[in-house]
Amino acid sequence: MTEMGAARRDRRATIKDVAALAGVSPSAVTIALHDRPGVSAATKERILKAARDLGWRPNLAAAALSGHAVHTVGLAIARPARLLGLEPFYMEFISGIESVLGKRGCSLLLRVIEADEEIEVHREWWQGGRVNGSILVDLKVDDPRIPALAEIGLPAVAVGHPSLAGPFTCVWTDDDAAIREAVRYLAALGHRRIGRVSGLAELGHSVIRTAAFQEVVSELGIEGQTEVADFSAGQGSRAVRRLLLEPRRPTAIIFDNDLMAVAALNVVDEFGLSVPADLSLLAWDDSQLCQLTRPALSAMSHDIHAFGAEVTNALFDVMNGVEHESHATQPPSLVPRRSTAPPRA
């Protein structure tokens, strides 16, 4: 590859880039990509090679030139596929995305991937003309995706706090305020030993929730302990067992998602305890799972479907060059049900 071609791989190629690399005019590129008469076979081959070298797929470029531009939003999720199918949050979030895309006649390009694949996946989508923009989820502290995808000019909205999103427009939930409300509620019921089962420790929202949890229990002068899991029922159950085997076991536990909270009900039964007489449980997200269990689970509730729609509307502003300020969405609010009560005397 020429030095010119290598340099242009750092951003999305244009018709002018293809023309310059092939040593022809932009109109000749248009003729070649539409397979029209007017350029020699050798020139056409040189143009197509230049398009390939720049990461521009000729068929997609030709569609754009003819007025049939791709109208697709990309979403890559680095979670195990089996777990993703059980996770209520992402099912609701994707339904919110689709509610906007359907009205606009657009499509969602979804990939379940390994974490180290995501930069290349988005790069391939954007430089190959397969998406008009992407939604970035599960942000981490110092996330390597942020500078890499900003450098190639990918239009994107990040789902996460501004401290994690770099130059990207972002939409987020106030995890700090929500975790403080949850702890203060349990403390008001009389709980003085509160456990928490978190999601993956490297995720930015896990870091924010953990810091807020530690600060608020310290402010209230009560005990708090966080056990790390991965949002799955299996690891969530193991984290609950670790908490219940502590010499001073908690009288209440907060969970970072609904699935782990539901799984905890079986663990509580294993220990011969009952909810909420011996242990209060407080879930996060408030999917239908919380209302179908017995007892019904108290939860920090937010409208995930609306959240997905809000993120997608923000992305369309970004893709259309309309200024869209980063903002917090409606914060989670406490919904008390029968899984929380004052501790035994």
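All residue numbers here refer to positions counted from 1 along the written sequence of the relevant chain. Local features are withheld for residues below a pLDDT of 70 in this predicted model, meaning they are given only at 70 or higher, and side-chain atom pairs are given and counted only at 80 or more; totals for whole chains, interfaces and linings count all residues. Where side-chain values are given, they derive from all heavy atoms of the structure, hydrogens and water being excluded.

Draft legend 1. Layout of the overall build of the protein chain. Helix numbers and strand numbers start at the N terminus; a helix is a DSSP run of H or I with at least 4 residues, a strand a run of E with at least 2. A count of helices and strands for the protein chain gives 16 helices and twelve strands. Counting only C-alpha atoms, the protein chain reaches 90 × 35 × 35 Å along its principal axes. Counting only contacts in the protein chain whose residues sit at least 6 apart along the sequence, the fraction spanning at least 24 positions is 71%. Carbon and sulfur atoms provide 52% of the accessible area of the protein chain, an area that totals close to 15,500 Å². Charge counting follows a simple rule: Lys and Arg are positive, Asp and Glu are negative, and His as well as the terminal groups are ignored. A charged residue contributes its charge at one atom only: NZ of Lys, CZ of Arg, CG of Asp or CD of Glu. Of note, the protein chain has its 35 positive side-chain charges centred 4 Å away from the centre of its 42 negative side-chain charges. In this description, contact between two residues means that some pair of their heavy atoms is separated by no more than 4.5 Å. Areas reported as accessible are Shrake-Rupley estimates using a 1.4 Å probe. Residue values count occlusion only from the protein chains shown.

Draft legend 2. Quick look at helix H16 (residues 304–319). Expected helix span is given by 1.5 Å per residue-to-residue step, counting one fewer step than there are residues. With 16 residues, H16 should reach 22 Å at 1.5 Å per residue; the first-to-last C-alpha distance of 23 Å fits that figure. Classification of residues uses two cut-offs on accessible area relative to the type maximum, computed with a 1.4 Å probe and protein chains only: under 20% is buried, over 50% is exposed, and between them is partly exposed. Every buried residue belonging to H16 is among Ile304, Phe307, Gly308, Ala309, Val311, Thr312, Ala314, Leu315 and Phe316, and all of these are buried. Close packing links the buried residues of H16 with strand E1 (72–77), helix H7 (88–104), strand E3 (133–136), strand E4 (156–159), strand E5 (169–172) and strand E9 (280–285). Residue Asp303 occupies the N-cap position of H16, its side-chain oxygen lying 3.3 Å from the main-chain nitrogen of His305. Looking one or two places after H16, you find Gly321, whose phi comes out positive at around 75°. Polar contact is defined as a pair of N or O atoms within 3.5 Å, subject to the rule that within protein one atom must be able to donate a hydrogen and the other to accept it, and that residues adjacent in sequence are counted only when both atoms are side-chain atoms.

Draft legend 3. Broad picture of the nonpolar core. Counting 25 residues, the largest nonpolar core has Leu75, Phe93, Ile135, Val137 and Val311 as the members making the most contacts within it. Once residues within four sequence positions are removed from consideration, Val311 is found in contact with Phe93, Ile135, Val157, Val159 and Val171. The term nonpolar core refers to a set of buried residues drawn from Ala, Val, Leu, Ile, Met, Phe, Trp, Tyr and Cys, joined through side-chain atoms within 4.5 Å. One finds Leu244, Met260, Ala283 and Cys290 within the second-largest nonpolar core, a separate group that totals 24 residues.

Draft legend 4. Molecular detail of the sheet that holds strand E12 (residues 333–335). With mixed pairing, six strands are arranged side by side in an open sheet as E7-E6-E8-E9-E10-E12. Looking at which strands have only one partner, the edges of the open sheet turn out to be strand E7 (223–228) and E12. Here the strands of the sheet are splayed against their neighbours by 20° on average, with no regard to which way each runs. Relative to E7, strand E6 (residues 193–198) runs parallel, the two being bridged by six bridges. For Val197, the partnering residue across the bridge sits in E7 and is Glu227. Contacts from helix H12 (residues 204–220) reach E6, E7, strand E8 (252–255) and E9 within the one sheet, and its direction differs from that of E6 by about 175°. In this analysis, strands are considered paired if DSSP registers two or more bridges between them. Fitting a line to C-alpha atoms yields each axis, with helices limited to the stretch in contact; the angle taken between N-to-C directions then spans 0 to 180 degrees.

Draft legend 5. Expanded view of the domain arrangement of the protein chain. For the domains described, the bounds stem from an automatic or database domain assignment. Per the domain assignment, the segments making up the protein chain are domain 1 (15–65), domain 2 (72–173 + 304–328) and domain 3 (175–301). The C-alpha centroid of domain 3 is placed 28 Å from the C-alpha centroid of domain 2. Summed over both sides, the interface between domain 2 and domain 3 buries roughly 1,100 Å², with carbon and sulfur atoms accounting for 66% of that surface. Only helix H6 (81–86) and H7 provide two or more residues apiece to the side of domain 2 that touches domain 3. The class makeup of the residues in the side of domain 2 that touches domain 3 is eight nonpolar, two polar and four charged. Buried area is a sum: the accessible area each of two parts loses on coming together, probed at 1.4 Å, counted once for each and added. Each residue is assigned to one class: nonpolar for Ala, Val, Leu, Ile, Met, Phe, Trp, Tyr, Cys and Pro, charged for Asp, Glu, Lys and Arg, and polar for all the others, Gly among them.

Draft legend 6. H7, seen in detail. Here H7 contains 17 residues, and its C-alpha end-to-end distance of 25 Å stays within 8% of the 24 Å for a straight helix at 1.5 Å per residue. Taken together, the buried positions of H7 are Pro88, Phe89, Tyr90, Phe93, Ile94, Gly96, Ile97, Val100 and Leu101. Here H7 starts with a cap whose side-chain oxygen sits 3.1 Å from the backbone nitrogen of Phe89, and that cap is Glu87.

Draft legend 7. Highlighting the pattern of salt bridges. Any Lys or Arg side-chain nitrogen found within 4 Å of a carboxyl oxygen on Asp or Glu counts as a salt bridge. Enumeration according to the criterion identifies 18 salt bridges in this entry. Across the salt bridge formed by Asp286 and Arg337, the nearest N and O atoms sit 2.8 Å from each other. You can see Asp286 sitting in the loop between E9 and helix H15 (288–292) and its partner Arg337 sitting in the segment after E12, a full 51 residues away along the chain. Each member of the salt-bridge network shares a partner with another, and the members are Asp176, Arg180, Arg184, Glu215 and Glu219.

Draft legend 8. Fine view of the sheet that holds E5. An order of E2-E1-E3-E4-E5-E11 is seen for the six strands of this open sheet, with the pairing classed as parallel. A single partner strand is all that each edge strand has here, and the edge strands are strand E2 (107–112) and strand E11 (327–328). Bridge analysis of E1 against E3 gives three bridges, and the strand direction is parallel. When the sheet's bridge partners are listed, Leu75 is paired in E3 with Ile135.

Draft legend 9. Representation of the environment of Ser333. Mapped onto the secondary structure, Ser333 falls in strand E12. Overall, the relative accessible area of 38% leaves Ser333 in the partly exposed class. For the pair formed by Ser333 and Ile119, sequence separation is 214 residues and the distance between their alpha carbons is 34 Å. In this view, Ser333 contacts Glu181, Ala299, Met300 and Ser301; residues no more than four positions away in its chain are not counted.

Draft legend 10. Molecular detail of the pairing of E8. Residues Ala252 and Ile254 line one face of E8 and the alternating positions Ile253 and Phe255 line the opposite face, and both faces are buried. Judged from the four bridges that link them, E6 and E8 form a sheet pairing that is parallel. Paired with Val197 across the strands is Phe255, a residue of E8. Here E8 pairs with E9 via three bridges, running parallel. Bridge pairing in E9 links Ile253 to Leu281.

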